[in-house]
Amino acid sequence: MSANSNGSAHEAAAEPRFMPELINAKEFAKILSVSERTLYRLKSTGELPEAIVLGGNVRWRLAEVREWIARGCPSQLLRK
């Protein structure tokens, strides 16, 4: 095992793992235990939290997804 820049290999092993801020459709569908097709259907009807499109790639903020689930997955149409 090699040491990190501070000289301690133990500290490197104890560092927290990276947790993504954004998730893709496959990851979101897995969280909801639905297919990607169903996820996109829910997105098209306004049932999901607002997505972010980056260069044609659709992503959701993980924190918003968790909050939405904690609130019981309410329709996003109601907040407009």
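Residues numbered from 1 in each chain as written. Predicted model: local features only at pLDDT ≥ 70, side-chain atom pairs only at ≥ 80, totals over all residues. Heavy atoms only, no water.

## Some points on the sheet that holds strand S2 (residues 52-54)
Phase 1: Pairing is antiparallel across the open sheet formed by three strands, whose spatial order is S1-S3-S2. Each end of this open sheet is capped by a strand with a single partner; those strands are strand S1 (22-23) and S2.
Phase 2: As defined by bridge partners, S1 adjoins strand S3 (residues 57-61) across two bridges and the pair is classed as antiparallel. By the bridge assignment, Ile 23 is partnered in S3 with Trp 60.
Phase 3: Against the sheet, helix H4 (residues 62-70) contacts S1 and S3, and its axis sits at roughly 60° relative to S3. (Pairing = 2+ DSSP bridges. Helix = DSSP H or I, 4+ residues; strand = E, 2+ residues; numbered from the N terminus. Contact = heavy atoms within 4.5 Å. Axes fitted to C-alpha atoms, helices over the stretch in contact; angles between N-to-C directions.)

## Observations concerning the packing of helix H2 (residues 25-32) against H4
Phase 1: Two elements in contact, H2 and H4, have axes whose closest approach is 12 Å; the angle formed by their N-to-C orientations is 20°. Here H2 is positioned roughly parallel relative to H4, judged by the angle of their axes. Like other packed secondary-structure pairs, H2 and H4 cross with a definite hand, here right-handed. For the pair H2 and H4, the contacting residues are Phe 28, Ile 31 and Leu 32 in the first and Leu 62, Val 65, Trp 68 and Ile 69 in the second.
Phase 2: A class-by-class count of the residues in the contact of H2 with H4 yields seven nonpolar, no polar and no charged. (Parallel < 35°, antiparallel > 145°, perpendicular 65-115°, else oblique. Left-handed = near helix turned anticlockwise from the far one by under 90°. Nonpolar A, V, L, I, M, F, W, Y, C, P; charged D, E, K, R; others polar.)

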